[in-house]
Amino acid sequence: MLGQINDKIKPRIAALKKQRADLSQIAEEIRDGRVLSATDLVSVDDLSLEDIGLIFELAKLFQLELPEHKKIPLLRGKSIINFFMEESTRTRVSFEMVGKHLSADTINVSASSSSMAKKGETLNDTARTLRSLRADLIILRHSQAGSPGMIAAEIEPPVINAGDGWHDHPTQGLLDVFTIEDYYGSIEGKTVLVVGDILHSRVAGALIRSVLKCGGKIRLSGPPTMIPKKVEAEFGVEVEYNLEKAIKDVEVVYALRVQLERAAGAFIPTIRDYSKLYCVNPVRLARAAPKAMVMHAGPINREVDLRTEVMEGPQSFVETQVANGWAIRAALLYLLTRRSS
Ligand code: CP
């Protein structure tokens, strides 16, 4: 998908720059009146392939051009609420930075700074309050699966799921596929090996949905206690518990964090036993395809999920994922606040 987008979009950007179009104009020209079929982003399942193509076109533009511009007025007059009821570094900071970069007014609300934690206001009532305050878009991270979907059904402003419990993290899934396509041109036919705590990981859920939707293949490896039963039949993925076998010839090695804050420690004997069998180290990586990508959504448990030599090595795309998250989130803020042509 992105290889074809690159062929189309790069000459178009160059031509528009020659005509001295500014970046807001270029974004509008690239969008060309198109809108997302989804009004919210609760899961990648909400998006069609055309939607994902449109998001990737805009993300490519922002990836190439936005860093050169201090600020552009694309979202001037829009109010975006970053509502983070659970900790976050990458997702929260990138949404906030990108909102400011596109000239939106961004307002941060956390569990401790809202009236929910100590005064008992419900999530639905809080969302209605934010709607009454004329929020144009609400970004929600919550420890309870289903929370973003519940408020999306309740209020009109678009809602982006920034991660809900064990369930989903659609902007992560999109930025991961974008990163893979940016490297290989297309994810079609490529095998993404997901290693580790699949059971507790919303990153795994988002990645599996996104990769399969865009034509890639998924292989899972990890302790049997951390891989849901019947996942092969239900999702159409492969499972191989032995990492030495699973990693053979794959194009992408995607390591997950053991989610100790979600009691994942009870699913393995010890962290040391886990890392002995599932930490991605240089010897294991050598069995993957030549120049295979190494990915991780972060935060990383060094020497448990990934060995430092691998995390900081030439095959690591961990920092590229963070940078691409910025471009994908810019595209989504722009598209979800443009509901008409
Ligand atoms: N990848 C991710 O969601 O990281 P944060 O928890 O830091 O946002």
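Everything below is about the structure shown above.
These figures come from a predicted structure and were not determined experimentally. (Residues numbered from 1 in each chain as written. Predicted model: local features only at pLDDT ≥ 70, side-chain atom pairs only at ≥ 80, totals over all residues. Heavy atoms only, no water.)

### Looking at the overall build of the protein
A count of helices and strands for the protein gives 14 helices and nine strands. Here the protein has a C-alpha radius of gyration of 20 Å; the compact-globule value for 341 residues is 20 Å, and the two agree. For the protein, the C-alpha atoms occupy an extent of roughly 55 × 55 × 35 Å along the three principal directions. Scored against the burial criterion, the 341 residues of the protein give a buried share of 57%. In the structure as shown, the protein presents an accessible area of about 14,800 Å², 52% of it carried by carbon and sulfur atoms. (Helix = DSSP H or I, 4+ residues; strand = E, 2+ residues; numbered from the N terminus. Rg over C-alpha atoms; globule rule 2.2 N^0.38 Å. Buried < 20%, exposed > 50% of the residue type's maximum accessible area, 1.4 Å probe, protein only. Areas by Shrake-Rupley, 256 points an atom, 1.4 Å probe, with all protein chains shown as cover.)

### Some thoughts on the pairing of strand β2 (residues 105-110)
Every regular strand shows the same layout, with side chains that alternate between the two sheet faces. Across six bridges, strand β1 (residues 79-84) lies against β2 in parallel orientation. By the bridge assignment, Ser79 is partnered in β2 with Asp105. Running through helix α4 (residues 90-101), the crossover from β1 to the neighbouring parallel element β2 is right-handed. (Pairing = 2+ DSSP bridges. Right-handed = clockwise from strand over helix to strand, strands pointing away.)

### Quick look at the packing of aromatic side chains
Applying the stated rule across the entire model yields five aromatic pairs. Here Phe56 and Phe178 contribute two aromatic rings whose centre-to-centre distance is 5.3 Å and whose plane-to-plane angle is 75°, an arrangement assigned as edge-to-face. Of this pair, Phe56 sits in helix α3 (residues 49-65) while Phe178 sits in helix α7 (residues 170-184), placing them 122 residues apart in sequence. This pair shows no difference in class: Phe56 is buried, exactly as Phe178 is. Relative to Tyr184, the ring of Tyr183 has its centre 4.7 Å away and its plane inclined at 75°; by these criteria the two rings are edge-to-face. The ring of Phe95 has Arg329 sitting right over it, with the charged end atom 5.3 Å from the ring centre. (Phe/Tyr/Trp six-rings, centres within 6.5 Å; stacked < 30°, edge-to-face > 60°. Lys NZ or Arg CZ within 6 Å of the ring centre and 35° of its normal.)

### Remarks on the site of the ligand
Taken together, the neighbourhood of the ligand is formed by Ser88, Thr89, Arg90, Thr91, Arg141, His169, Gln172, Ala297 and Gly298. Ser88 is positioned such that a nitrogen or oxygen atom in its side chain is 2.6 Å from an oxygen atom of the ligand. In the environment of the ligand, an oxygen atom lies 3.0 Å from a nitrogen or oxygen atom belonging to the backbone of Arg90. For the ligand, the protein covers 91% of the area, taking 260 Å² as the surface of the free molecule. When grouped by side-chain class, the residues that make up the shell around the ligand number one nonpolar, six polar and two charged. (Near = heavy atom within 4 Å. Polar contact = N/O pair within 3.5 Å; in protein donor to acceptor, adjacent residues only side chain to side chain. Nonpolar A, V, L, I, M, F, W, Y, C, P; charged D, E, K, R; others polar.)

### Some remarks on the pattern of salt bridges
Applying the stated criterion across every chain, the model contains 21 salt bridges. The salt bridge involving Arg202 is made with Glu86; its shortest N-O contact spans 2.9 Å. Of this pair, Arg202 sits in helix α8 (residues 202-213) while Glu86 sits in the loop between β1 and α4; the two residues are 116 residues apart in sequence, bridging distant segments of the chain. The pair Arg202 / Glu86 is uniform in exposure class, with both members buried. Across the salt bridge formed by Glu309 and Arg307, the nearest N and O atoms sit 3.2 Å from each other. Residue Glu309 is classed as partly exposed on the basis of its relative accessible area, which comes to 43%. (Salt bridge = Lys/Arg side-chain N within 4 Å of Asp/Glu carboxyl O.)

None of this, on its own, says anything about what the molecule does.
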